[in-house]
Amino acid sequence: MTTKTFQIAVLAGDGIGPEVMAEARRVLAAIEAKFALTFSFTEARVGGIAIDVDGKALPEETIRVCEASDAILFGSVGGPKWESLPPNEQPERAALLPIRKHFGLFANLRPAVCFPQLTHASPVRADLVAGGFNILCVRELTGGLYFGQPKYSREENGDTIAVDTMVYKRSEIERIAHVAFKAAQGRDKRLTSVDKANVLENSVLWRRTMNELAKQYPDVQLSHLYVDNAAMQLIKNPKGFDVIVAENLFGDILSDEMAMITGSLGMLPSASLGLKETPLGRFGLFEPSGGTAPDIAGKGIANPIAQILSAAMMLRYSLGEPAAAAAIDAAVKVVIERGLRTGDIHSEGTQRVGTREMGEAIAAAI
Ligand code: IPM
Ligand code: MG
């Protein structure tokens, strides 16, 4: 049997990044054994650790390692040590935004899955989340207010003016729309497009483009919500959603709301997919949705599941290995069903475990 070898850039970053990354690698080692795949990992610094050692959050060497890889497995960046730096030098912004731009990572997939066994962790009223829910947020990641030019602040006529520019081209909306429609086709075939078409020119174009592309996907039911209303409906009826597509800033805000109502940030992976298509998928960066959790870093109690599920998304979206991805998803489900819980999702009657025990149990269930 021939084995396929994949080059993976490992950017563990700060806080709990390195410890949860170790568990993702443990699970990938179990995948190697079972699926005749080989992973060749190259570690590179990013975030606060890179600021300390290399003087910048995203060193050239790290970009080079990523360029030479099939995918990027990313941990998390930032922490109290770097919080007093000027905003555009802070690890989150100075590492994440340039890496997104450099690799054209325009499509951000953020599944917000509330497992039926974990609904107790949700801050939303029990009857609204009973049985769990499963929403996929598709967020545009390289356009809009984040990157639009001009962008500056300056003194003018005795006042200070700050300018950000919201720009979308039809082609940018079309490519994220295709990702969202295709994702919906693989799920419950319902797509909610979020905009502010009652106020913004950008959103008028967004909505028109979504409606035009819908003709190419007659099996998908497209609906539209204004972003403020979407924020309300998500709290009121999270089970009513399947796939949500939104521009960069709206998607940033709504994806945090979705993550919070699942109640377990430590369970949520994400994928940021690029322009570069390969025969196996799209080049991408895969990272947990939660942050560096500096308060629990180094204690061996962080939940590694988000990082492990991010590795599964990498197999599915970049490496063209859906069976291996499904094996990881299934192993996580088995371990949750068996009652293993890290502190963040623990409840009475379940077994509290640490980061490593959780990783080992999932690897063993592959
Ligand atoms: C996210 C984060 C980033 C963003 C920040 C850290 C720049 O909030 O990935 O959602 O706004 O995109
Ligand atoms: Mg955010």
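One structure accompanies this document, and this report is about it. Sequence positions are assigned chain by chain, starting from 1 and proceeding in written order. Note on labels: chains are lettered from A, ligands numbered from 1, in written order. Under the rules for a predicted model, residues below a pLDDT of 70 receive no local features and side-chain atom pairs below 80 are neither given nor counted, while totals for whole chains, interfaces and linings still include all residues. Water and hydrogen atoms were dropped before computing side-chain values, which therefore reflect all heavy atoms in the structure.

1. A short note on the sheet that holds strand β5 (residues 133-140)
Put simply, the test is: Only strands that DSSP links by at least two bridges are regarded as paired with each other. The helix and strand labels rest on DSSP assignments: H or I over at least four residues marks a helix, E over at least two residues marks a strand, and numbering proceeds from the N terminus. Only the stretch in contact is used when a helix axis is fitted, and all axes are lines through C-alpha atoms; the angle between N-to-C directions ranges over 0 to 180 degrees. Whether two residues are in contact is decided by their heavy atoms: any pair within 4.5 Å suffices.
An order of β2-β1-β3-β12-β11-β4-β5-β10-β8-β9 is seen for the 10 strands of this open sheet, with the pairing classed as mixed. On the outer flanks of this sheet lie β2 (37-43) and β9 (221-226), each paired with one strand and no other. For this sheet the average axis-to-axis angle between neighbouring strands, irrespective of direction, equals 25°. Taken together, the two bridges between strand β3 (residues 71-76) and strand β12 (residues 281-288) define a ladder with parallel strand orientation. Paired with Leu-73 across the strands is Phe-286, a residue of β12. Against the sheet, helix α6 (residues 170-185) makes contact with β4 (107-114), β5, β8 (190-195), β9, β10 (243-246) and β11 (269-278), and its axis sits at roughly 165° relative to β5, the strand it touches most. Its contacts with the sheet put helix α10 (residues 305-317) on β1 (4-13), β2, β3, β4, β11 and β12, and the angle it makes with β12 is roughly 175°.

2. Here's the deal with the packing of helix α11 (residues 322-337) against helix α12 (residues 355-364)
Going by this rule: For classification, angles of less than 35 degrees are called roughly parallel, those exceeding 145 degrees roughly antiparallel, those between 65 and 115 degrees roughly perpendicular, and all remaining angles oblique. Less than a right angle of anticlockwise turn of the near helix away from the far helix marks a crossing as left-handed, whereas a clockwise turn marks it as right-handed.
Interaxial distance between α11 and α12 falls to 8 Å at its minimum, and their mutual angle equals 120°. Between α11 and α12, the interaxial angle falls into the category oblique. Remark: the crossing between α11 and α12 carries right-handed chirality. Contacts between α11 and α12 pair Ala-331, Val-332 and Val-335 from the former with Met-358, Ala-361 and Ile-362 from the latter.

3. What about the site of ligand 1?
Basically, it comes down to this: Put simply, a residue is near a molecule or strand once any heavy atom of it comes within 4 Å of that molecule or strand. Whenever two N or O atoms come within 3.5 Å, that pair is a polar contact, provided that in protein one can donate a hydrogen and the other can accept it, and provided that, for residues adjacent in sequence, both atoms are side-chain atoms. Computed with a 1.4 Å probe, the accessible areas rest on the Shrake-Rupley method; for each residue, only the protein chains presented here act as cover. Side-chain classes are defined by residue name, with Ala, Val, Leu, Ile, Met, Phe, Trp, Tyr, Cys and Pro counting as nonpolar, Asp, Glu, Lys and Arg as charged, and the others, Gly among them, as polar.
Around ligand 1, a shell composed of Glu-92, Arg-100, Arg-110, Arg-139, Tyr-146 and Asp-252 is seen. Note that an oxygen atom of ligand 1 is positioned 2.9 Å from one of the side-chain N or O atoms of Arg-139. If ligand 1 stood free it would expose 320 Å²; the protein chains cover 73% of that surface. A breakdown of the residues in the shell around ligand 1 according to their chemical character gives one nonpolar, no polar and five charged.

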